Amino acid sequence: MRDSEMAAGEVGGKRERTRAMILLCSAQQFAKHGYNGVSMDLLAKAAKLTKGALYDHFNGKDDVYVQSTSTYLEAALNKLKPVPEEKALSNEEALLSYLGKFLDLIQGDLVLRGLMLRLVTESTSTTVQEIARKTLTEPFNYAVDLLASCRPELDAQEYVYSFYCNAILREDLKNIMGVLSPNKSSHSTADAVLSHFRKTLA
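All figures in this text were calculated on a predicted structure; none of them were measured in a lab.

Colleague: I'd like a description of the overall build of the protein, backed by residues and values.
Modeller: Looking only at helices and strands, the protein has nine helices and zero strands in total. Written out in order from the N terminus, the α and β elements of the protein read α-α-α-α-α-α-α-α-α. Within the protein, the fraction of its 202 residues that count as buried is 39%. Contacts spanning at least 24 positions in sequence make up 69% of the contacts within the protein whose residues lie at least 6 apart. Carbon and sulfur atoms provide 54% of the accessible area of the protein, an area that totals close to 11700 Å².

The following block contains the structure:
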């Protein structure tokens with residue numbers, strides 16, 4: 001390999017590493033502050049870059065938001081894909097296993113939960129649709145298909161949608177739940193959310 005080719009590869013590699021770092025820092029900021037609470041200045045400061053450097057990689061805040069959120073969600077949700085051992089499960093067992101893993105994931109990954117919460121509560125419909133097409137459609141439809149196959153009499157989309165909303169919002173609603181129904185506060189736990197969903201299928 002010629003020196004010029006090696007130099008070009010190093011430059012390209014550095015650029016990709018910088019882009020990956022921007023995407024991660026941006027996802028963290030959007031999860032913490034929401035779309036409206038983030039500016040290009042804040043993103044540049046978080047990434048320890050100039051604002052001009054950000055524009056060298058992205059067209060503007062909308063572009064950073066869509067790409068950083070999509071990249072983070074896609075990487076996180078890929079962890080939910082079934083492993084070979086789960087192929088022997090019935091469709092209902094596979095569904096409950098999948099949703100249980102989602103609950104564990106969203107409880108342990110505050111950036112993931114923050115991004116999904118912001119999508120539900122703050123994003124414009126156009127932005128939500130773009131991100132949903134890129135990252136949320138496949139896992140949502142996977143759960144819907146499993147439920148529809150084992151309980152065809154149910155509205156699978158509505159059930160799965162309600163589960164995901166409950167899972168995403170439960171931590172933020174936990175305090176007010178404790179005030180309104182102190183004896184029901186335990187229902188905000190991940191096990192209780194999955195148990196409640198299982199009972200709705202009974």
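Colleague: Break down the nonpolar core for me, with residues and values.
Modeller: Counting 53 residues, the largest nonpolar core has L99, F102, L115, L147, F163, Y164 and F197 as the members making the most contacts within it. When residues of this core are traced back to their parent elements, those giving at least two are helix 1 (3-33), helix 2 (40-47), helix 4 (61-77), helix 5 (91-108), helix 6 (110-121), helix 7 (125-150), helix 8 (156-180) and helix 9 (190-201). Per-element accounting of this core gives the leading share, nine residues, to helix 5. Apart from the residues within four sequence positions on either side, L147 is in contact with L95, P152, L154, A156, Y159, V160, F197 and L201.

Colleague: Go over the environment of D109 with me, naming the residues and quoting the values.
Modeller: By the secondary structure assignment, D109 is in the loop between helix 5 and helix 6. The class for D109 is buried, based on a relative accessible area of 13%. On a C-alpha basis, the gap between D109 and A76 in space is 8.7 Å, while along the polypeptide they are 33 residues apart. Those residues in contact with D109 that sit more than four places away from it in its chain are Y72 and A76. A distance of 3.1 Å separates the side chain of D109 from the backbone nitrogen of V111, its partner in a polar contact.

Colleague: Go over the pattern of salt bridges, please, and point to the residues and values.
Modeller: Applying the stated criterion across every chain, the model contains four salt bridges. Put simply, K51 and D41 hold a salt bridge, and the shortest N to O gap is 3.4 Å. Taken together, the positions of K51 in helix 3 (residues 51-57) and D41 in helix 2 put the pair ten residues apart, joining distant regions of the chain. With a closest N to O distance of 2.6 Å, E153 and R151 form a salt bridge. Relative accessible area serves as the criterion here: at 54%, E153 is assigned to the exposed category. Looking at R151, the relative accessible area reads 17%, which means it is buried.

The rules we used
- Residues numbered from 1 in each chain as written.
- Predicted model: local features only at pLDDT ≥ 70, side-chain atom pairs only at ≥ 80, totals over all residues.
- Heavy atoms only, no water.
- Helix = DSSP H or I, 4+ residues; strand = E, 2+ residues; numbered from the N terminus.
- Buried < 20%, exposed > 50% of the residue type's maximum accessible area, 1.4 Å probe, protein only.
- Contact = heavy atoms within 4.5 Å.
- Areas by Shrake-Rupley, 256 points an atom, 1.4 Å probe, with all protein chains shown as cover.
- Core = buried A, V, L, I, M, F, W, Y, C linked by side-chain atoms within 4.5 Å.
- Polar contact = N/O pair within 3.5 Å; in protein donor to acceptor, adjacent residues only side chain to side chain.
- Salt bridge = Lys/Arg side-chain N within 4 Å of Asp/Glu carboxyl O.

These values are about where atoms sit, not about what they do.
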